[in-house]
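Survey of secondary and tertiary structure
One-letter residues, chain by chain:
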Amino acid sequence: YLPVTAVNTTAQLIALRQQMHTQNLSAYIIPETDAHMSEYIGNHDKRRAWITGFTGSAGTAVVIMGKAGLWTDSRYWTQAERQMDCNWELHKEVDIASIVTWLLTEVPAGGSVGFDPFLFSIGSWESYDMALKDSNIQLVSIPANLVDLAWGSEKPLVPSQPIYALQEAFTGGTWQEKVADIRSQMQKHRKGPTAVLLSALDETAWLFNLRGSDIPYNPFFYSYTLLTDSSIRLFVNKSCLASETLKYLNSSCMGPMCVQLEDYSQVRDNVQTYASGDVKIWIGTSYTTYGLYEVIPMEKLIEDTYSPVMVTKAVKNSKEQALLRASHVRDAVAVIRYLVWLEKNVPKGTVDEFSGAELQAPPPNLGRTVSKEEEFSSGPSFETISASGLNAALAHYSPTKEQHRKLSSDEMYLLDSGGQYWDGTTDITRTVHWGTPTAFQKEAYTRVLIGNIDLSRLIFPASTSGRMMEIFARRALWDVGLNYGHGTGHGIGNFLCVHEWPVGFQSGNIPMAKGMFTSIEPGYYQDGEFGIRLEDVALVVEAKTKYPGSYLTFEVVSLVPYDRNLIDVSLLSPEHLQYLNHYYQTIREKVGPELQQRQLLEEFKWLQQHTEPLSARAPRTASLASLLAVSSLTILGWNV
């Protein structure tokens, strides 16, 4: 049986296999990524989707001459079965070891497995190379992508939208100051790097205070940077730079503070030529692809997990902190406006997961129409998660025009959304219930809230790893045998990535430092019934302690109240209540005046009602649930 939703990929596979035959390949690996290891990729980089018909955001395809396979995780098994035709086998695993096992079975001895080195991280290449080392199968790097050659003239064009400089009011410093700082770090490095190679798109965007629109949800443009001790080379589509941007970059001169523009496609040859000299190139291995790594001799490499730009960018200065705080105030207004609308319309039975989110913006930018009216708005920061009832138990669920569920006063509703503003990026999740929740739903919600509070108010020594403190977000759930299966938080940028590495609570994150922003987002998911997540963005600040010392804590900058209807006050300690009431007072002080100034009187009244102090006697079951829903929808974004 072949669903009507399945895509006929026979022609695509014939074209690809012709290219493989030309290269004398037995197999070809097609990951779902771009040359910068981006979280979101453009249409012209969706090679795996074109060859398989499967459009999920995660998965790897492998094609051999007689068959083809797709490896993806459990989130996408049903989707893959609906979208792929009989040319494809679905493998319900994601690890490289599983792919290699299949290759060893299907590829004949002496065969060659090809791949595009620009779509392999250094770590992926090492894993494949190690697993195939003792076999009689060769791993072959082919810089000319064979799917592109098979796709031919039908492949979408690379975007050519303008690249623009941010106004000085929205930057933490000039690009010249940032370049000087990175060069200073190079000079102080004990291994004496002569250059830093930047591959992640947000690295170059941050360094030069430039933005673009080549990538969905992220204000980036395709680029690389080779910053040396005496020159700056920016690899980019030159036609996207207007005369004022060229002047801004000092591109007409040749000095150490002049940006030399090079064609984007020439980065590999240029790096290889530079590496032939007496040089040392400093890279961050997390975002450098094998396509550049393989042309740099090992003795000329200085490797860190993250580049100095990535680490420097993670710590916001005082101006950047103020900008991000301001963006969250305006985003709170957008969320509250939407929550008020939901509270009035959900009982009518006219709102579903998709249409409700659509109020904020037309698809695919769900949840952004309201927030796009906010000052400095530049669209959503990711695809909104708008999930009602059992759909909310799927942590990465997003509705479509074809597949969605009605919002109901009888079910819990989870909304995870985020916005891009010139002064900051936002991400917030609220879960609400407009009717009568069960005792278990209230307990689970309250324990998730306790985890959020316990981590948000934690005081910890400077340089503590996020992984060491993540347990505080889970403890209240663990106490009763509950848990959640995703990460507890991620970094966030200034009009950059909504999921900004290397900040967060996972093992690969760097230690917490003053000036970092991270999300805090515990949750709980009851399979087939409901899902809960409460996500706030917080700034790492100095803690006030009784005795002198270098201690830090968090200052929450998300400003939308939680749903009283779901809070079991009897589970909260006096310290939890004190924290909540202080948080609600902060919301009143920061968001209230903005609502009044804009004559949003209905929203202001709603805010006042939903930020009344909580007492230990009895939780109020007003329509706070609605508030939470609005907040999350408006902001549009979730990270895990």
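Since the structure is predicted, the reported quantities are computational estimates derived from the model, not experimental observations.

1. Thoughts on the overall build of the protein chain
Helices and strands together make up the secondary structure of the protein chain, namely 21 helices and 28 strands. A compact globule built from 640 residues would reach a C-alpha radius of gyration of about 26 Å, and the protein chain, at 25 Å, matches this within 12%. Across its three principal directions, the C-alpha atoms of the protein chain cover 75 × 65 × 45 Å. Relative to its full complement of 640 residues, the protein chain shows a buried share of 60%. Put simply, 72% of the contacts in the protein chain that link residues at least 6 apart link residues at least 24 apart.

2. Quick notes on the domain arrangement of the protein chain
A common way to express how large an interface is: the accessible area buried when the components associate. By domain assignment, the protein chain separates into domain 1 (9–154), domain 2 (164–313) and domain 3 (318–603). When each unit is reduced to the centre of its C-alpha atoms, the spacing between domain 1 and domain 2 is 30 Å. Opposite the 20 residues of domain 1 that make contact, domain 2 presents 24 residues. Taking both partners together, domain 1 and domain 2 bury about 1,600 Å²; carbon and sulfur atoms supply 66% of that area. At the surface where domain 1 touches domain 2, the tally comes to 0 salt bridges. Across the domain 1-domain 2 interface, the total number found is 9 residue pairs in polar contact (both at pLDDT 80 or more). Here the side of domain 1 that touches domain 2 takes 3 residues from helix α5 (residues 122–132), the largest share from any one element. Across the side of domain 1 that touches domain 2, the residue classes break down as 11 nonpolar, 6 polar and 3 charged.

3. A closer look at the packing of aromatic side chains
Counted by the stated rule, this structure contains 24 aromatic pairs. Relative to Trp-102, the ring of Trp-71 has its centre 5.2 Å away and its plane inclined at 75°; by these criteria the two rings are edge-to-face. Placement of the pair is Trp-71 in strand β3 (residues 68–71) and Trp-102 in helix α4 (residues 96–106), with a sequence separation of 31 residues. Overall, Trp-71 belongs to the buried group, its relative accessible area being 1%. On the basis of an interplanar angle of 55° and a centroid distance of 6.2 Å, the ring pair of Tyr-524 and Phe-530 is categorised as tilted. The exposure class assigned to Phe-530 is buried, which follows from its relative accessible area of 2%. An aromatic cluster is defined as three or more aromatic residues linked by ring pairs; in this entry it consists of Phe-115, Phe-120, Trp-125, Tyr-128, Tyr-290 and Tyr-293. Between the NZ or CZ atom of Lys-178 and the centre of the ring of Trp-206, over which it lies, the distance is 4.2 Å.

4. Points about the state of the cysteines
Here a disulfide denotes a covalent bond joining the sulfur atom of one cysteine to the sulfur atom of another. Tallied over the full model, the rule gives 1 disulfide. Disulfide partner of Cys-253: Cys-258, at an S-S distance of 1.7 Å. In this structure, the disulfide formed by Cys-253 and Cys-258 twists by about -105° around the S-S bond and is classed as left-handed. Judged by relative accessible area, which is 28%, Cys-253 ranks as partly exposed. A residue is classified by how much of its surface remains accessible, and Cys-258, at 7% relative accessible area, is buried. Left without a disulfide partner, Cys-240 is nearest to the cysteine sulfur of Cys-497, which lies 19 Å away.

5. Structural notes on the sheet that holds strand β18 (residues 419–421)
Taken in spatial order, the 3 strands make up an open sheet running β15-β18-β19, and their pairing is antiparallel. Of all the strands in the sheet, just β15 (377–380) and β19 (424–425) have a single pairing partner and so form its edges. Examined bridge by bridge, β15 and β18 share 2 bridges and lie antiparallel to one another. Pairing of Pro-380 across the sheet is with Gly-419, part of β18.

6. Quick word on the pattern of salt bridges
Considering all chains together, one arrives at 22 salt bridges under this definition. Linking Arg-47 and Asp-45 is a salt bridge whose minimum nitrogen-to-oxygen distance equals 3.1 Å. Overall, Arg-47 belongs to the buried group, its relative accessible area being 7%. A residue is classified by how much of its surface remains accessible, and Asp-45, at 7% relative accessible area, is buried. A salt bridge links Glu-500 to Lys-316, with the nearest nitrogen and oxygen atoms 2.5 Å apart. With Glu-500 in strand β23 (residues 500–504) and Lys-316 in the loop between α12 (308–314) and α13 (318–345), this residue pair connects regions lying 184 residues apart in the sequence. Glu-500 gets classed as buried once you look at its relative accessible area, which sits at 2%. Owing to a relative accessible area of 3%, Lys-316 belongs among the buried residues under this scheme. Each of Asp-45, Arg-47, Asp-148 and Lys-155 takes part in a single network of salt bridges with overlapping partners.

7. Examining α5
Taken together, the buried positions of α5 are occupied by Ile-122, Trp-125, Tyr-128 and Leu-132. Mapping the buried residues of α5 onto a view down its axis gives an arc of 135°, with all of them on the same face.

8. Looking at the layout of surface pockets
Quantified by volume, the second largest pocket comes out at close to 570 Å³. Considering the residues around the second largest pocket, the lining is formed by 28 residues, among which Ala-35, Arg-47, Tyr-224, Tyr-264 and Ser-265 are closest to the centre. For the lining of the second largest pocket, the element with the most residues is helix α10 (residues 267–275), which contributes 3 residues. Looking at the lining of the second largest pocket residue by residue, the class counts come to 14 nonpolar, 4 polar and 10 charged.

9. So, the packing of helix α16 (residues 439–456) against helix α19 (residues 574–597)
Here α16 crosses α19 at 80°, and the two axes come no closer than 11 Å. If you check the angle between α16 and α19, you find them roughly perpendicular. Two secondary-structure elements touch here, α16 through Leu-449, Ile-450, Ile-453, Asp-454 and Ser-456 and α19 through His-576, Tyr-579 and Leu-580.

10. Details of empty space enclosed by the protein
Following the criterion strictly, the structure yields 3 cavities of 30 Å³ or more and no others. What the largest cavity holds in volume is close to 60 Å³. What lines the largest cavity is Leu-166, Phe-170, Thr-171, Gly-172, Lys-178, Trp-206, Asn-209, Arg-211, Glu-320, Asn-494 and Leu-496. When its residues are assigned to classes, the lining of the largest cavity shows 4 nonpolar, 4 polar and 3 charged. Residue-level mapping places the lining of the largest cavity at the junction of two domains, with at least three residues from each of domain 2 (164–313) and domain 3 (318–603).

11. Observations concerning the nonpolar core
Met-512, Phe-554 and Val-591 are the most contacted members of the largest nonpolar core, which has 72 residues in total. Residue assignment places this core across two domains, with domain 2 (164–313) and domain 3 (318–603) each supplying three or more. Val-179, Val-236, Leu-324 and Val-498 belong to the second-largest nonpolar core, a separate cluster that totals 42 residues.

12. Re the pairing of strand β28 (residues 551–556)
Sheet analysis places strand β21 (residues 460–461) next to β28, joined by 2 bridges and oriented antiparallel. In the sheet register, Pro-461 faces β28, and the bridge partner there is Tyr-551. Relative to β28, strand β27 (residues 536–542) is paired through 5 bridges, and the arrangement is antiparallel. The residue of β28 that forms the bridge with Val-541 is Thr-553.

Thresholds, definitions, all that
- Residues numbered from 1 in each chain as written.
- Predicted model: local features only at pLDDT ≥ 70, side-chain atom pairs only at ≥ 80, totals over all residues.
- Heavy atoms only, no water.
- Helix = DSSP H or I, 4+ residues; strand = E, 2+ residues; numbered from the N terminus.
- Rg over C-alpha atoms; globule rule 2.2 N^0.38 Å.
- Buried < 20%, exposed > 50% of the residue type's maximum accessible area, 1.4 Å probe, protein only.
- Contact = heavy atoms within 4.5 Å.
- Domains from an automatic or database assignment.
- Buried area = accessible area lost by both parts, 1.4 Å probe.
- Salt bridge = Lys/Arg side-chain N within 4 Å of Asp/Glu carboxyl O.
- Polar contact = N/O pair within 3.5 Å; in protein donor to acceptor, adjacent residues only side chain to side chain.
- Nonpolar A, V, L, I, M, F, W, Y, C, P; charged D, E, K, R; others polar.
- Phe/Tyr/Trp six-rings, centres within 6.5 Å; stacked < 30°, edge-to-face > 60°.
- Lys NZ or Arg CZ within 6 Å of the ring centre and 35° of its normal.
- Disulfide = S-S within 2.5 Å.
- Pairing = 2+ DSSP bridges.
- Arc of directions from axis to C-beta.
- 1 Å grid on protein atoms, 1.4 Å probe; cavity = no way out; pocket = protein on both sides within 12 Å on 5 of 7 lines; lining within 4 Å.
- Points joined across faces, edges and corners; volume = space filled by probe spheres on them.
- Axes fitted to C-alpha atoms, helices over the stretch in contact; angles between N-to-C directions.
- Parallel < 35°, antiparallel > 145°, perpendicular 65-115°, else oblique.
- Core = buried A, V, L, I, M, F, W, Y, C linked by side-chain atoms within 4.5 Å.

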